[in-house]
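# Commentary on secondary and tertiary structure
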Amino acid sequence: MSNDRFWRAISIDSISSELFPRVALYLKSGSNYVLYKDPDRMFSAEDHHRLERNSSRFLYVRSGDVDSINEFMENSLAEMLARDDLSSTAKSRILYQTSVNCVIDIFESPEPTSNLVRCRNMVRHILQYVSSDPHAMVSVQKVIDTGFYLFTHTVQVAALTLLVNSELFKLAHDEMIDVGIGCLLHDYGMTFITNEVLEKNDALSDIEYWKVKQHTQKGYEYLKQSGHYGEIVLNIVRYHHERYDGNGYPTGLKGDDIPRSGQVAALCDVYSALIMDRPQRKANSHADAIKIMREEAKSGAFKLELFNNFVEIIHKRNPS
Ligand SMILES: [Fe+2]
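None of the values given here were measured: they were computed from a predicted structure. (Residues numbered from 1 in each chain as written. Predicted model: local features only at pLDDT ≥ 70, side-chain atom pairs only at ≥ 80, totals over all residues. Heavy atoms only, no water.)

### Quick word on the confidence of the model for the protein chain
The predicted coordinates should not be examined in detail at positions where pLDDT is low. With 93% of its residues at a pLDDT of 70 or more, the protein chain shows a mean pLDDT of 86. Taken element by element, the protein chain is modelled with least confidence in helix α5 (residues 136-142), mean pLDDT 62, and with most confidence in helix α10 (residues 231-239), mean pLDDT 97. (pLDDT = per-residue confidence, 0-100. Helix = DSSP H or I, 4+ residues; strand = E, 2+ residues; numbered from the N terminus.)

Here is the structure:
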């Protein structure tokens, strides 16, 4: 069977030898999936080394096993993040993979309360992790996996935005959770855009670009009518492409008429996009990303004071 719909990629780095459910794991060979480990055998440290030597970064599970993996990983997440014997990088990988699984599910069905509850829990873990471990942000950046740009980017924007909000503003815990949910869902409207446009490597035509820009308003309208999401979540989804000088979209709001949650998410969204590999260009270094954003801030795209605070926070976590 080779239909990708039936398979879910799992980053090998997130598979911990003794903390992973007993499911069959597969390797992808061309368009086929080949059994790597049957459910009865434990995934061992030797497996890690072997796969690393072969430069394999992912194993695949049948989509029918995804629920039990998610349940297992989400239930053991707090325990794993609290362990002293795991490095920041290992914790980031586990948190990243678990978050991505959760985001994929909520993108597929944003209505069921169970998915929202899972995402809330995930945001709590991300928040706790980025605010307690000074190496967290650098580690999260290291595990960025460009094969799943949308979901990876989404988790990174959530981690960054939570960090910036926690350092700059005194938000209530529930508001922070909504900030995290809003960031995990900020590009939800992309699900309304055809793959043909999303996967295009060449420059977009004017009409295609117009369609992509619709993701903010479409995501907002869809999530609003579902009735599950509050104002902070909806503001982030709708306003994360607005610019301080009014040159953003979808509404062209200007200055502090743009809700603060949208302004912070916009900075983190741009920064995250710049430091990741894209089909059209290689990732920028942290320093180059800040340089590009500083030019944009000077010409009015971001509120200068907020931008300077953002840079200070990001510099602290990226000493290089
Ligand atoms: Fe977006």
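### Quick word on the packing of helix α9 (residues 206-226) against α10
The interhelical angle for the contact between α9 and α10, taken along N-to-C directions, is 160°, at an axis separation of 7 Å. Taken together, the axes of α9 and α10 are roughly antiparallel relative to one another. The residues of α10 that touch α9, namely those facing T216, Q217, G219, Y220, L223 and K224, are L234, V237 and R238. (Axes fitted to C-alpha atoms, helices over the stretch in contact; angles between N-to-C directions. Parallel < 35°, antiparallel > 145°, perpendicular 65-115°, else oblique. Contact = heavy atoms within 4.5 Å.)

### Description of the coordination of the iron ion
Donor atoms from the polypeptide that bind the iron ion are D187 (OD), H215 (NE2), H240 (NE2) and H241 (NE2), placed at 2.1 to 2.3 Å. Note that the iron ion binds four donor atoms; their angles at the metal cover 86 to 175°, and the shape is irregular. Mapped onto the sequence, the residues coordinating the iron ion show the spacing D-x27-H-x24-H-H. Placement of H215 in helix α9 and of H241 in the loop between α10 and α11 (260-274) is noted, with a sequence separation of 26 residues between them. (Donors = N, O, S within 2.8 Å, 3.2 Å for Na, K, Ca; no water. Tetrahedral: all angles 85-135°; square planar, octahedral: opposite > 155°, others 65-115°.)

### Observations concerning helix α7 (residues 173-184)
Taking 1.5 Å per residue as the helical rise, α7 with its twelve residues ought to reach 16 Å, and the 17 Å between its terminal C-alpha atoms agrees with that figure. The element α7 is extensively covered by neighbouring structure, given that nine of its twelve residues are classed as buried. Listed as buried for α7 are M176, I177, D178, V179, G180, I181, G182, C183 and L184. At its buried positions, α7 is contacted by α3 (88-108), α4 (113-132), α6 (149-168) and α10. (Expected span 1.5 Å × (residues − 1). Buried < 20%, exposed > 50% of the residue type's maximum accessible area, 1.4 Å probe, protein only.)

### Considerations on the pattern of salt bridges
Counted according to the given criterion, the structure contains twelve salt bridges. With a closest N to O distance of 3.6 Å, R53 and E46 form a salt bridge. Overall, the relative accessible area of 59% leaves R53 in the exposed class. The partly exposed category is assigned to E46, whose relative accessible area is 38%. Between K303 and D256 there is a salt bridge, and its shortest N-O distance comes to 3.0 Å. (Salt bridge = Lys/Arg side-chain N within 4 Å of Asp/Glu carboxyl O.)

### What to know about the domain arrangement of the protein chain
The assigned domain composition of the protein chain is domain 1 (1-66) and domain 2 (87-317). A C-alpha centroid distance of 29 Å is found between domain 1 and domain 2. The interface is formed by eight residues belonging to domain 1 together with ten residues belonging to domain 2. Overall, the association of domain 1 and domain 2 removes approximately 800 Å² of surface from exposure, summing both partners, and the carbon and sulfur fraction of that is 53%. Looking only at domain 1, the three residues that lose the most surface to domain 2 are R8, D13 and S14, adding up to 54% of its buried area. Ionic pairing is found between R8 and D105, a salt bridge with its closest N-O pair at 3.1 Å. In this structure, the connection of domain 1 to domain 2 is made through one residue pair in polar contact (both at pLDDT 80 or more). With four residues, strand β1 (residues 7-11) is the single largest residue contributor to the side of domain 1 that touches domain 2. (Domains from an automatic or database assignment. Buried area = accessible area lost by both parts, 1.4 Å probe. Polar contact = N/O pair within 3.5 Å; in protein donor to acceptor, adjacent residues only side chain to side chain.)

### A word on the packing of aromatic side chains
Aromatic rings in a pair are described by how distant their centres are and how their planes are angled relative to each other. The final tally for this structure, using the stated rule, is nine aromatic pairs. Relative to F310, the ring of Y271 lies with its centre 5.8 Å away and its plane at 80°, an arrangement referred to as edge-to-face. Of this pair, Y271 sits in helix α11 while F310 sits in helix α13 (residues 304-317), and the two are 39 residues apart along the sequence. With respect to class, Y271 is no different from F310; both count as buried. (Phe/Tyr/Trp six-rings, centres within 6.5 Å; stacked < 30°, edge-to-face > 60°.)

### Notes on the environment of I94
Looking at the secondary structure, you find I94 in helix α3. For I94, a relative accessible area of 4% puts it in the buried group. Sequence-wise, I94 and F107 are 13 residues apart; in three dimensions their C-alpha atoms are separated by 20 Å. Not counting the four nearest positions on each side in its chain, I94 is found in contact with S14, M73, L77, M80 and L86.

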